[in-house]
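This is what each chain is made of:
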Amino acid sequence: MIINKPLRAGIIFLFLFFSLHTFSQRDVIDSLKPQLGSLKGKKKIEIYNSLSKAYWNLAPDSSLYYSEKALTLAREINDKKGISDAYNRIGNAYYFKEELDSAFSYYNKSLKLRKDIGNKERLIQIYNNFAHYYRNTGNNEKAIDYYKKARQTAKEGKLSEDIITYSYLLGNLYVEQNNYKQAVELLLKSVDFARETGDSLQIANINQRIGSIYKSINSYDKALEYYYNSLNIWKEKENREGMAMTYNSIGNIHERLKNYDRALENYNKTLDLYKQLDDE
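**Observations concerning the overall build of the protein**
Okay, so step 1: Helix and strand counts for the protein come out as 13 helices and zero strands.
Okay, so step 2: If you list the helices and strands of the protein from N to C, you get α-α-α-α-α-α-α-α-α-α-α-α-α.
Okay, so step 3: Across its three principal axes, the protein shows a C-alpha extent of roughly 70 × 45 × 40 Å.
Okay, so step 4: Sorting the 280 residues of the protein into buried and exposed places 42% on the buried side.
Okay, so step 5: Within the protein, counting contacts between residues at least 6 apart in sequence, those at least 24 apart form 50% of the total.
Okay, so step 6: The averaged location of the 35 negative side-chain charges in the protein is 4 Å from the averaged location of its 42 positive side-chain charges.

**Points about the pattern of salt bridges**
Okay, so step 1: Taken as a whole and assessed by the stated rule, the structure comprises eleven salt bridges.
Okay, so step 2: Residues E176 and R135 are paired through a salt bridge, measuring 2.5 Å at the closest nitrogen-oxygen approach. Here R135 lies in helix 6 (residues 120-136) and E176 lies in helix 8 (residues 160-176), a separation of 41 residues in the sequence.
Okay, so step 3: For R135, a relative accessible area of 30% translates into the label partly exposed.
Okay, so step 4: With a closest N to O distance of 2.6 Å, E185 and K181 form a salt bridge.

**Some points on the packing of aromatic side chains**
Okay, so step 1: Here the structure, examined in full by the defined rule, presents 17 aromatic pairs.
Okay, so step 2: Seen from their ring centres, Y134 and Y146 are 5.7 Å apart, and the 15 degrees between their planes marks the pair as stacked. Residue Y134 is located in helix 6, and its partner Y146 is located in helix 7 (residues 140-156); the two are separated by twelve residues in the primary sequence. The pair formed by Y134 and Y146 is uniform in burial state, with each residue classed as buried.
Okay, so step 3: Ring geometry for Y147 against Y166: centres 6.0 Å apart, planes inclined by 40 degrees, an arrangement best described as tilted. Here Y147, found in helix 7, pairs with Y166, found in helix 8; they are 19 residues apart in sequence, far enough to count as distant. Of the two residues, Y147 and Y166, neither departs from the other in class, the shared state being buried.
Okay, so step 4: Clustering of aromatic rings is evident, with ring pairs tying together F104, Y107, Y127, F130, Y133, Y134 and Y146.
Okay, so step 5: Over the face of the ring belonging to Y106 we find K109, whose NZ or CZ atom lies 4.5 Å from the ring centre.
Okay, so step 6: We note K149 situated over the ring of Y146; from NZ or CZ to the ring centre the distance is 4.5 Å.

**What about helix 7?**
Okay, so step 1: Relative to the 24 Å expected for 17 residues at 1.5 Å per residue, helix 7 spans 24 Å between its end C-alpha atoms, a close match to the ideal helical length.
Okay, so step 2: Within the span of helix 7, buried status applies to A143, I144, Y146, Y147, A150, R151, T153 and A154.
Okay, so step 3: Residues of helix 7 that are buried make contact with helix 6, helix 8 and helix 9 (180-196).
Okay, so step 4: K158 sits one or two positions beyond helix 7 and adopts a positive phi of about 55 degrees.

**Description of the environment of G91**
Okay, so step 1: Summarising the element assignment, G91 is placed in helix 4 (residues 80-96).
Okay, so step 2: Along the sequence, G91 and A223 sit 132 residues apart, while their C-alpha atoms lie 40 Å from each other.
Okay, so step 3: Look past the residues within four positions of G91 in its chain and what remains in contact with it is A103, Y106 and Y107.

**Observations concerning helix 10 (residues 200-216)**
Along an α-helix, a turn takes 3.6 residues, which lines up residues three or four apart on a common side.
Okay, so step 1: Relative to the 24 Å expected for 17 residues at 1.5 Å per residue, helix 10 spans 24 Å between its end C-alpha atoms, a close match to the ideal helical length.
Okay, so step 2: Taking burial as the measure, the 17 residues of helix 10 include twelve buried ones, the bulk of the element.
Okay, so step 3: Within the span of helix 10, buried status applies to S200, Q202, I203, A204, I206, N207, Q208, I210, G211, I213, Y214 and K215.
Okay, so step 4: Looking at the buried positions of helix 10, the neighbouring elements they touch are helix 8, helix 9, helix 11 (220-236) and helix 12 (240-256).
Okay, so step 5: N218 lies just past helix 10 and shows a positive phi near 65 degrees.

**Re the nonpolar core**
Okay, so step 1: One finds L51, I126, Y127, F130, I206 and I210 to be the most contacted residues of the largest nonpolar core, which totals 77 residues.
Okay, so step 2: Once you skip the residues sitting within four places of it in the chain, Y127 turns out to touch L111, K115, Y146, K149, A150 and T153.

**Thoughts on the environment of I164**
Okay, so step 1: Relative to the helices and strands, I164 resides in helix 8.
Okay, so step 2: Separated by 70 residues in the primary sequence, I164 and Y94 place their C-alpha atoms 28 Å from one another.

Rules used in this analysis
Residues numbered from 1 in each chain as written. Predicted model: local features only at pLDDT ≥ 70, side-chain atom pairs only at ≥ 80, totals over all residues. Heavy atoms only, no water. Helix = DSSP H or I, 4+ residues; strand = E, 2+ residues; numbered from the N terminus. Buried < 20%, exposed > 50% of the residue type's maximum accessible area, 1.4 Å probe, protein only. Contact = heavy atoms within 4.5 Å. Lys, Arg positive; Asp, Glu negative; His and termini not counted. Charge placed at Lys NZ, Arg CZ, Asp CG, Glu CD. Salt bridge = Lys/Arg side-chain N within 4 Å of Asp/Glu carboxyl O. Phe/Tyr/Trp six-rings, centres within 6.5 Å; stacked < 30°, edge-to-face > 60°. Lys NZ or Arg CZ within 6 Å of the ring centre and 35° of its normal. Expected span 1.5 Å × (residues − 1). Core = buried A, V, L, I, M, F, W, Y, C linked by side-chain atoms within 4.5 Å.

In structure tokens form, the structure reads like this:
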């Protein structure tokens with residue numbers, strides 16, 4: 001039996017990632033549970049909802065239990081925000097239990113309340129959940145609609161980080177549909193929002209993503225243009241992780257072009273940076 005070594009390494013990496021994530025979530029749970037005895041009202045509702053979130057990947061039934069506790073208490077004191085959050089958490093618990101119809105029902109309940117409350121950040125969260133629901137059920141057109149709603153709500157609230165996040169997510173869906181032009185246009189617009197907040201690292205990330213889109217359609221000159229835009233920012237910020245990633249991407253392009261000396265030059269720069277970072 002032949003073992004695919006890169007795949008095996010990937011499995012080990014994922015195992016370690018989820019193991020570390022599990023440990024961190026257990027730490028959150030251990031810190032939250034002792035607070036329940038001393039809290040009342042809205043604060044206790046927040047803890048119940050936070051516990052529900054912490055249990056998503058660990059035990060969806062426990063996640064459901066704490067979100068229902070939050071809902072009961074929120075109804076008792078008529079806390080609309082707490083009720084909307086509990087509906088959302090219950091929806092998420094069902095989502096992780098793969099009971100998607102129930103998840104959809106509670107997302108709708110949460111959405112109605114959140115529209116009444118008018119909290120844009122929470123509206124964005126629920127639009128995001130609907131988008132994930134539709135992606136999981138194979139309806140990418142509806143997923144795009146909800147990512148657009150999330151992005152538009154972020155624009156109305158001048159929430160630059162969310163605008164960029166949903167530009168990425170929309171761009172990824174457009175790429176899956178081979179709509180590369182629209183993906184690039186969307187990402188270029190998000191550069192403007194990143195400039196408004198002075199977030200140069202986001203600009204570097206966006207340029208990196210645009211470069212990867214051009215690489216995927218074999219437009220290597222354009223790919224290199226955006227990779228070098230990204231690289232210049234990483235260098236200016238002395239961000240070695242970003243530099244390593246981009247040198248590797250540039251090396252990929254030169255390898256495809258059979259410019260092997262230049263490919264090796266960039267791969268060696270990547271290797272040197274990862275050695276400096278002690279990144280095994």
